[in-house]
Amino acid sequence: MRSKLKITLNKDLSQHLMVWCDLGLMFKKLLKSIKAKYAFELGTGTGFLTKFIATTVEHVVSIEIDPRLLYVAYKILDGEYNVSLVLGDGIRHIESECVRADVIVSNTPFHITSQLIISFIKSRYPYAIITLQQEVAERLIASAGSANYSRLSVLAKLFLEVKDIKTYPPQAFYPRPEVSATLVLLKKKQHWSSNYENLEGFLACLFSQRRRKLRKALIHCFGKESLNVVKGLINDEVRVFKLNPEDFLNLYLRFKDLMST
């Protein structure tokens, strides 16, 4: 008789394990659609999703930050020849690009959602298939002027093609989160470079003044002299949240040298 494995979840790590096969099968379908051979899974959990990935790709490297969960995954994935389990911080591994992969796969812990997306944008990995809080998924596809439009919306529209696949209820996870989660497919359409080094901070400051007119937001963020930089480029009477992503990028490129001094 097999002994039962006790699982104690860490609330601080916002762990919500996938328990619906339907979600695992959808991950599998998306992996097949992009013809992925090598996958990098962030957040092994108990290895349930890992099994779906392993039956679809040639090799999967799966990383888990919680040693207790990784121990359970070792037991569950015993015999899976094409799975490599790693104890560590998945975000750091994405940023260092030390894992060979065609795609990042994750039933993402909610507390690192934005961090994961930004790390993916800055990486050289071409695809990501991840679950997000429904509201974050809505932010990724939000248009200028809408309530959900944010700096994350701008970054996503500049660097990614975002495909909203399906939204799953809290019952698809254990323990049940308070919100639904949306599965998205992200495809890189433009690579990050050193030219964008300060773009995050630039957007963060302007969006902290999202309802103000651009003129006032620029003065708040960069001082009155900044108005001379944008003269003739854009109407500085428009409100920040109504600027489209290309406007933000053009503004940033004007301010890039100023910000680096």
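Above this text is the structure in question.
Throughout what follows, the structure given in this document is the object of discussion.

### Things to note about the overall build of the protein chain
Looking only at helices and strands, the protein chain features eleven helices and nine strands. Counting only C-alpha atoms and orienting by the principal axes, one finds that the protein chain spans roughly 75 × 35 × 30 Å. The proportion of buried residues among the 261 residues of the protein chain is 49%. Partitioning the intrachain contacts of the protein chain with sequence separation of at least 6 by distance along the chain shows that 67% fall at a separation of at least 24.

### Here we look at the pairing of strand 3 (residues 59-64)
Taken across its six residues, strand 3 has five buried, putting it largely inside the fold. Here strand 2 (residues 38-42) runs beside strand 3; their pairing, made up of five bridges, is parallel. The residue bridging alanine 39 from the neighbouring strand is valine 60, located in strand 3. As a crossover connection, the stretch from strand 2 through helix 2 (residues 48-54) into strand 3 is right-handed. When strand 3 meets strand 4 (residues 83-87), the two strands line up parallel, connected through five bridges. Its bridge partner being in strand 4, valine 61 is matched across the sheet by serine 84. With respect to chirality, the unit in which strand 3 leads through helix 3 (residues 67-76) into the neighbouring parallel strand 4 is right-handed.

### A short note on the sheet that holds strand 7 (residues 160-168)
Strand order in this open sheet of seven strands is 4-3-2-5-6-9-7, and the pairing throughout is mixed. Strands at the two margins of the open sheet, each flanked by one partner only, are strand 4 and strand 7. Neighbour-to-neighbour, the strand axes of the sheet open up by a mean angle of 20°, direction not taken into account. Alignment of strand 2 against strand 5 (residues 103-107), held across three bridges, turns out to be parallel.

### Here we look at unusual backbone geometry
Looking along the chain, the bond that leaves tyrosine 174 and enters proline 175 is cis, with omega of -10°. Along the chain, the position of proline 175 falls in the loop between strand 8 (173-174) and strand 9 (181-188). Here the phi dihedral of lysine 35 falls at roughly 55°; this positive angle occurs in a residue that is not glycine. Checked against the element boundaries, lysine 35 lands in the loop between helix 1 (21-33) and strand 2. If you check the backbone angles, glutamate 97 has positive phi at about 55° while not being a glycine. Take glutamate 97: it is sitting in the loop between helix 4 (90-96) and strand 5.

### Digging into a positive patch on the surface
A surface patch of positive charge is lined by Arg211, Arg212, Lys216, Arg239 and Lys242. Positionally, arginine 212 belongs in the loop between helix 8 (199-207) and helix 9 (214-222).

### Some details on the packing of aromatic side chains
Each aromatic ring pair is characterised by the separation of its centres together with the angle its planes make. In this structure the tally under the stated criterion is eleven aromatic pairs. Ring centres 5.7 Å apart and planes at 65° place the aromatic pair phenylalanine 202 and tyrosine 252 in the edge-to-face group. Within this pair, whereas phenylalanine 202 is found in helix 8, its partner tyrosine 252 is found in helix 11 (residues 245-260), the two being separated by 50 residues in sequence. The residues phenylalanine 202 and tyrosine 252 share a single accessibility class, namely buried. Taken together through their ring pairs, the aromatic side chains of Phe202, Phe222, Tyr252 and Phe255 make up a single cluster. One cation-aromatic arrangement involves arginine 100 over tyrosine 38; the distance from NZ or CZ to the ring centre is 4.0 Å. Seen from the ring of phenylalanine 241, arginine 211 lies directly overhead, with NZ or CZ sitting 4.2 Å from the centre.

### A look at helix 1
Taking 1.5 Å as the rise per residue, helix 1 with 13 residues should run 18 Å; its terminal C-alpha atoms sit 18 Å apart, in good agreement. Among all positions of helix 1, only Leu23, Gly24, Met26, Phe27, Leu30 and Leu31 are buried. Projection of helix 1 onto a plane perpendicular to its axis shows the buried side chains occupying an angular sector of 160°, all on one side. Summarising the geometry of helix 1, the exposed residues directed more than 90 degrees from the buried face are Lys29 and Lys32. Among the residues trailing helix 1, lysine 35 stands out with phi positive, at a value near 55°.

### Overview of the pattern of salt bridges
Counted according to the given criterion, the structure contains nine salt bridges. Ionic pairing is found between glutamate 200 and lysine 122, a salt bridge with its closest N-O pair at 2.4 Å. With glutamate 200 in helix 8 and lysine 122 in helix 5 (residues 113-122), this pair connects stretches of sequence that are 78 residues apart. When its relative accessible area of 35% is taken as the criterion, lysine 122 is described as partly exposed. The salt bridge partner of arginine 139 is glutamate 135, with a shortest N-O separation of 3.7 Å. Highlighted residues: arginine 139 and glutamate 135, both in helix 6 (residues 134-140), separated by four residues, approximately one helical turn. Three or more residues are tied together by salt bridges with common partners; here these are Lys213, Arg215, Asp236 and Glu237.

Parameters and conventions
- Residues numbered from 1 in each chain as written.
- Predicted model: local features only at pLDDT ≥ 70, side-chain atom pairs only at ≥ 80, totals over all residues.
- Heavy atoms only, no water.
- Helix = DSSP H or I, 4+ residues; strand = E, 2+ residues; numbered from the N terminus.
- Buried < 20%, exposed > 50% of the residue type's maximum accessible area, 1.4 Å probe, protein only.
- Contact = heavy atoms within 4.5 Å.
- Pairing = 2+ DSSP bridges.
- Right-handed = clockwise from strand over helix to strand, strands pointing away.
- Axes fitted to C-alpha atoms, helices over the stretch in contact; angles between N-to-C directions.
- Patch = residues over 30% accessible without salt bridge, like charges linked within 9 Å, V, L, I, M, F, W, Y side chains within 5 Å.
- Areas by Shrake-Rupley, 256 points an atom, 1.4 Å probe, with all protein chains shown as cover.
- Salt bridge = Lys/Arg side-chain N within 4 Å of Asp/Glu carboxyl O.
- Lys, Arg positive; Asp, Glu negative; His and termini not counted.
- Charge placed at Lys NZ, Arg CZ, Asp CG, Glu CD.
- Phe/Tyr/Trp six-rings, centres within 6.5 Å; stacked < 30°, edge-to-face > 60°.
- Lys NZ or Arg CZ within 6 Å of the ring centre and 35° of its normal.
- Expected span 1.5 Å × (residues − 1).
- Arc of directions from axis to C-beta.

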